[in-house]
Amino acid sequence: GSALQRTNFFKRQTLKEAPFLDPYLIYSYTPQTLPMYNTKSPYTELAYWGNPFSSKQKEESSIKVLSSQNITPSLNLTLQYRQFGGTGDLTGAKTSVRTSEIGLDYIGKKYEMNAAFLSSTVKASENGGVSDVFWVRDTTIDSKAIPVNLQSAQNLYKRRTVFITQSLSIPMNFFRKDADELELGEGTVAYLGHSLELSKYSKVYIDEISASDDVGREFYRNQFNMAQTASYDSIRVRNFDNKVFLTLQPFSSDALLSKVTAGAGYQFLSYYGFRPEYYVKGNKNQTYHNTYVYGKAQGMLKKYIDWDAFGRIYTSGYYLGDLELAANMALSLYPIRDGIHLKLHGEMTLQEPDYYQKNLYFNHHQWENDFSKTSKTKLEATLEIPYTKTRASVGYALINDMVYYDEQSDVHAVDIGIGSH
């Protein structure tokens, strides 16, 4: 249940509206990663991992409850609960991550819909690390006796999301003589779509550092902006994203140009973070109205070539000028069973730094920054041979004006290039 980041840079997940939750995304789902089910018979999974016979000082546990069944042949209901948690070796190291999902999936002849409620809560006790690395090298001392920097501190993260994506297909084979012989989805088809997301993200940091705790106070460089012995810092993001799109299938689902999509969206963002002037004026949220347009195209050439391309640009609001471009291509040959597949991926993004990287006022940290947009370019190639269960990949990424946190948790921006394979 601890915060983590993948070693492989190309597999790291990020949440554009609330990147302070990035280290915990691996424990839960987002609207983009949530699996949807369609099952002919009810399916239930109960699982437990842990060490129930250990002492509470070193207890770890993980629980999974999954239940999925089709209410009708077209409508599926899925319920899932996951819990991760453990008590670390050091004093004050304890985590609890609880996630739950309620998903609805409908696949009809002309209408399709995905909807879900996602909830995630993370409680992480913090100790600031060991106060002297000497004790780590001393193998004779019990880990619980090793002195740490913070005696009482905790982070609390919450994420709540409700979303729905739906589309209606409209066959347009009016002038085809064989229109009556075509199956649903064949020939020329238009898809009218709509997507809506409501999300709330929050973080609260609490600590108590007494006036006589020299180690704890030095850990934060004796910086106490609001209270001298205790902290209660909170930030909150509300996201409302509403978009419509039109997809055209000019010829068929397996044509070289099989689908073309155009869409437009409106996003309302609300940020809360305490400022000193709120003592007099009262609390206030910073709100932004973002608009964007996007497009996608995809196609295939029999079983040998499969490709798609995507682009989006923000035309107003906090993300004005942000750009996303991505393309994929898969080349397949079949000299052996199941074939040999070369998959190519490229993407380029231009993104405004997170609001809290530019504006923050906490008890131990404060800044007002004017960073440039971060540009990121990725190139990846993957070779897959299913018959021999072989997979090899190589990737290259270049980042300009990357925003990062130094060893004092102060935020900066720098140019950096990253390569990985």
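Quick caveat, the model's predicted, so the values are computed rather than measured.

### Structural notes on the overall build of the protein
Thought 1: A count of helices and strands for the protein gives four helices and 18 strands.
Thought 2: Considering only C-alpha atoms, the protein reaches an extent of 90 × 55 × 45 Å along its principal axes.
Thought 3: Buried residues in the protein amount to 36% of all 421 residues.
Thought 4: Of the contacts made within the protein by residues no fewer than 6 positions apart, 60% connect residues no fewer than 24 positions apart.
Thought 5: Just so you have it, the protein exposes about 23900 Å², and 56% of that area is on carbon and sulfur atoms.

### Topic: the nonpolar core
Thought 1: Ranked by size, the top nonpolar core spans 31 residues in total, and within it Phe20, Leu21, Tyr201, Val237, Tyr271 and Tyr356 carry the most contacts.
Thought 2: If you look at the next biggest cluster of nonpolar residues, it comprises six residues, including Leu150, Ala153, Tyr205 and Phe224.

### Considering the packing of aromatic side chains
Thought 1: Under the definition given, this model contains 27 aromatic pairs.
Thought 2: A ring pair is formed by Phe219 and Tyr220, whose centres lie 5.0 Å apart and whose planes are at 75°; its orientation type is edge-to-face.
Thought 3: Exposure remark for Phe219: the relative accessible area of 30% places this residue in the partly exposed category.
Thought 4: With 4.5 Å between their ring centres and 15° between their planes, Tyr271 and Tyr355 make a pair best called stacked. Placement of Tyr271 in strand E9 (residues 259-273) and of Tyr355 in helix H4 (residues 355-358) is noted, with a sequence separation of 84 residues between them.

### So, the pairing of strand E10 (residues 286-301)
Thought 1: In terms of strand pairing, E9 meets E10 through 13 bridges, oriented antiparallel. Among the inter-strand pairings, Phe268 is bridged to a residue of E10, identified as His289.
Thought 2: Sheet topology note: the E10/strand E11 (residues 305-316) ladder contains 11 bridges and is antiparallel. Counted as the bridge partner of Gln298 is Asp308 from E11.
Thought 3: Hairpin connection of E10 to E11: three residues between the antiparallel strands, including Lys302 at a positive phi of 50°.

### Thoughts on a positive patch on the surface
Thought 1: Taken together, the side chains of Arg98, Lys123, Lys158, Lys200 and Arg238 present a region of like positive charge at the surface.
Thought 2: Note that Arg238 resides in strand E8 (residues 230-249).
Thought 3: Judged by relative accessible area, Arg238 falls into the partly exposed class, the value being 36%.

### Let's talk about the environment of Lys373
Thought 1: Relative to the helices and strands, Lys373 is located in the loop between strand E15 (366-368) and strand E16 (374-385).
Thought 2: Expressed as a C-alpha distance, the spacing of Lys373 and Ala413, which sit 40 residues apart in the sequence, is 10.0 Å.
Thought 3: There is a polar contact of 2.6 Å between the side chain of Lys373 and the side chain of Asp322.
Thought 4: In this structure the side chain of Lys373 is engaged in a polar contact, spanning 2.9 Å, whose partner is the side chain of Glu352.

### Here we look at the pattern of salt bridges
Thought 1: Throughout the structure, instances matching the rule amount to 12 salt bridges.
Thought 2: Glu324 serves as the salt-bridge partner of Arg312, at 3.2 Å between the closest nitrogen and oxygen. In this pair, Arg312 sits in strand E11 while Glu324 sits in strand E12 (residues 323-333), placing the two residues 12 residues apart along the sequence. The pair formed by Arg312 and Glu324 is uniform in burial state, with each residue classed as buried.
Thought 3: When salt bridges that share partners are traced, they join Lys16, Asp322, Glu352, Lys358 and Lys373 into one network.

### Observations concerning the side chain of Ser332
Thought 1: Here Ser332 lies in strand E12.
Thought 2: Given a relative accessible area of 9%, Ser332 falls into the buried group.
Thought 3: Within the local environment of Ser332, its side chain forms a polar contact with the side chain of His341, the two groups lying 2.7 Å apart.

### Observations regarding the pairing of E11
Thought 1: Summarising the sheet, E11 and E12 pair through nine bridges and their orientation is antiparallel. Bridging across to E12, Asp306 finds its partner in Ala330.
Thought 2: The turn joining E11 and E12, which pair antiparallel and follow one another in sequence, is formed by six residues; a positive phi near 95° is taken by Gly317.

Cut-offs and rules
- Residues numbered from 1 in each chain as written.
- Predicted model: local features only at pLDDT ≥ 70, side-chain atom pairs only at ≥ 80, totals over all residues.
- Heavy atoms only, no water.
- Helix = DSSP H or I, 4+ residues; strand = E, 2+ residues; numbered from the N terminus.
- Buried < 20%, exposed > 50% of the residue type's maximum accessible area, 1.4 Å probe, protein only.
- Contact = heavy atoms within 4.5 Å.
- Areas by Shrake-Rupley, 256 points an atom, 1.4 Å probe, with all protein chains shown as cover.
- Core = buried A, V, L, I, M, F, W, Y, C linked by side-chain atoms within 4.5 Å.
- Phe/Tyr/Trp six-rings, centres within 6.5 Å; stacked < 30°, edge-to-face > 60°.
- Pairing = 2+ DSSP bridges.
- Patch = residues over 30% accessible without salt bridge, like charges linked within 9 Å, V, L, I, M, F, W, Y side chains within 5 Å.
- Salt bridge = Lys/Arg side-chain N within 4 Å of Asp/Glu carboxyl O.
- Lys, Arg positive; Asp, Glu negative; His and termini not counted.
- Charge placed at Lys NZ, Arg CZ, Asp CG, Glu CD.
- Polar contact = N/O pair within 3.5 Å; in protein donor to acceptor, adjacent residues only side chain to side chain.

What is shown is where atoms sit, not what they do.
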